[in-house]
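Examination of the molecular architecture
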Amino acid sequence: MKGTFVTFEGCEGSGKSTQLKLLAQKLDEAGADYILTREPGGSAIAERIREIILDGKNTAMCDECEALLYAAARVQHLKEVVIPALDAGKLVICDRYVDSSLAYQGYARGLGQEYVASINSFALNEYPPDLTLFLNISPEAAFARKHGADENDRMEQLGAEFHQRVYEGYLSLAKKYPRIRLVDCSGSKYETSQNIWRILANEGVVGASR
Ligand code: TYD
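Predicted model, so just to flag it, every value in this text is computed and none were measured.

Calculation criteria
Residues numbered from 1 in each chain as written. Predicted model: local features only at pLDDT ≥ 70, side-chain atom pairs only at ≥ 80, totals over all residues. Heavy atoms only, no water. Near = heavy atom within 4 Å. Polar contact = N/O pair within 3.5 Å; in protein donor to acceptor, adjacent residues only side chain to side chain. Areas by Shrake-Rupley, 256 points an atom, 1.4 Å probe, with all protein chains shown as cover. Helix = DSSP H or I, 4+ residues; strand = E, 2+ residues; numbered from the N terminus. Nonpolar A, V, L, I, M, F, W, Y, C, P; charged D, E, K, R; others polar. Pairing = 2+ DSSP bridges. Axes fitted to C-alpha atoms, helices over the stretch in contact; angles between N-to-C directions. Contact = heavy atoms within 4.5 Å. Buried < 20%, exposed > 50% of the residue type's maximum accessible area, 1.4 Å probe, protein only. Arc of directions from axis to C-beta. Salt bridge = Lys/Arg side-chain N within 4 Å of Asp/Glu carboxyl O. Phe/Tyr/Trp six-rings, centres within 6.5 Å; stacked < 30°, edge-to-face > 60°. Lys NZ or Arg CZ within 6 Å of the ring centre and 35° of its normal.

Contacts to the ligand come from 15 residues, most closely from K16, Y70, R96, S101 and Q105. Between the ligand and the protein, one listed contact pairs an oxygen atom with a side-chain N or O atom of R96 at 2.7 Å. Between the ligand and Q105, the relevant distance is 2.8 Å, taken from a nitrogen atom to a side-chain nitrogen or oxygen of the residue. The fraction of the free accessible surface of the ligand (540 Å²) that becomes covered by protein chains is 90%. Ranked by residues supplied to the shell around the ligand, first place goes to helix α4 (residues 98-108) with four residues. Residue classes in the shell around the ligand are distributed as five nonpolar, three polar and seven charged.

This brings us to the sheet that holds strand β2 (residues 34-38). Across the sheet, which stays open at both edges, the five strands sit in the order β2-β3-β1-β4-β5 with parallel pairing between neighbours. Two strands bound the open sheet, and with one partner strand each, they are β2 and β5 (180-184). Direction aside, the axes of adjacent strands within the sheet are offset by 20 degrees on average. Seen against the sheet, helix α1 (residues 16-29) touches β1 (4-10), β2, β3 (91-95) and β4 (131-136) and runs at an angle of roughly 165 degrees to β3.

Here we take up the side chain of T132. Note that T132 resides in strand β4. Reaching out from T132, the side chain makes a polar contact with the side chain of R179 at a distance of 2.7 Å. Apart from residues lying up to four places away in sequence, T132 is in contact with T7, E9, D99, R179, I180 and R181.

Time to look at helix α2 (residues 44-54). Residues of α2 that are buried include every one of A46, I49, R50, I53 and L54, and no others. The arc that holds the buried residues of α2, viewed along the axis, is 120 degrees, so those residues lie on one side. Turned more than 90 degrees from where α2 packs its buried face, A44, R48 and E51 sit exposed.

Moving on: the pattern of salt bridges. This model, assessed by the stated rule, comprises ten salt bridges. Among the salt bridges present, the one from K90 reaches D33, with a minimum N-O distance of 3.2 Å. Highlighted residues: K90 in the loop between α3 (63-87) and β3 and D33 in the loop between α1 and β2, separated in sequence by 57 residues. The class for D33 is partly exposed, based on a relative accessible area of 45%.

This brings us to unusual backbone geometry. Look at the link from E39 to P40: it is a cis peptide, with omega at -15 degrees. In this model, R96 sits at a positive phi of 75 degrees, which is unusual for a non-glycine residue. Structurally, R96 is set in the loop between β3 and α4.

To continue, consider the packing of aromatic side chains. The full count for this structure, using the stated rule, is six aromatic pairs. Ring geometry for Y104 and F162: centres 6.2 Å apart, planes at 55 degrees, overall tilted. Residue Y104 is located in helix α4, and its partner F162 is located in helix α8 (residues 160-176); the two are separated by 58 residues in the primary sequence. Ring centres of Y104 and Y170 lie 6.4 Å apart, and the angle between their planes is 85 degrees; this geometry places the pair in the edge-to-face category. Taken together, the positions of Y104 in helix α4 and Y170 in helix α8 put the pair 66 residues apart, joining distant regions of the chain. Accessibility assignment for this pair places Y104 and Y170 in one class, buried. Chaining the aromatic ring pairs together yields one cluster made of Y104, F134, F162, Y167 and Y170. Here the basic side chain of R74 rests over the ring of Y97, its NZ or CZ set 5.7 Å away from the ring centre.

Here it is in structure tokens:
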């Protein structure tokens, strides 16, 4: 593996999509050789699994099925998209990865770290990210900013307590894995974008200026 694997994590409405768009602009300006991809999805098969997982009508889905579907989409996307790009020496930026499963399914659903780690062992052991940026904003603040949850999204509908557990899960993962950095999101979106660039530059993922 010659490339660099950077993942982005955050709670619902943490501004991840906005930040990834701003980052992509900066990477384009810098002429970086990168791909920007996402989970669940990022390849045709994984996008179909995504539709099943997020479909608001699938209220009968059990927690284990949910966790296994995320893991299935992950391994497909890894083999089809991420690994070839890393092998080609590219920078791979992924919107969510295995820490989402550890936080949402492991902590918030209560399936436990061991179970979630075991069904994600290929990702966790063979392809851990080089660096993970967690957009550190509480779900309360995030939902207030986006004016509530999306009613068609099964995960967003899970309520404040669930999302608070997700947040606490991420904070505890950040203590466990030194590769996870907390991004200060208390300023404007442009300040947050600068914070992200600074962390990437400090880690040698991108050049310093911008
Ligand atoms: P998405 O609309 O992409 O959310 P966001 O813009 O917040 O990233 O939907 C992805 C949802 O799936 C989101 O609620 C987080 C959840 N998720 C998990 O629960 N486990 C996982 O392993 C992954 C990758 C996502």
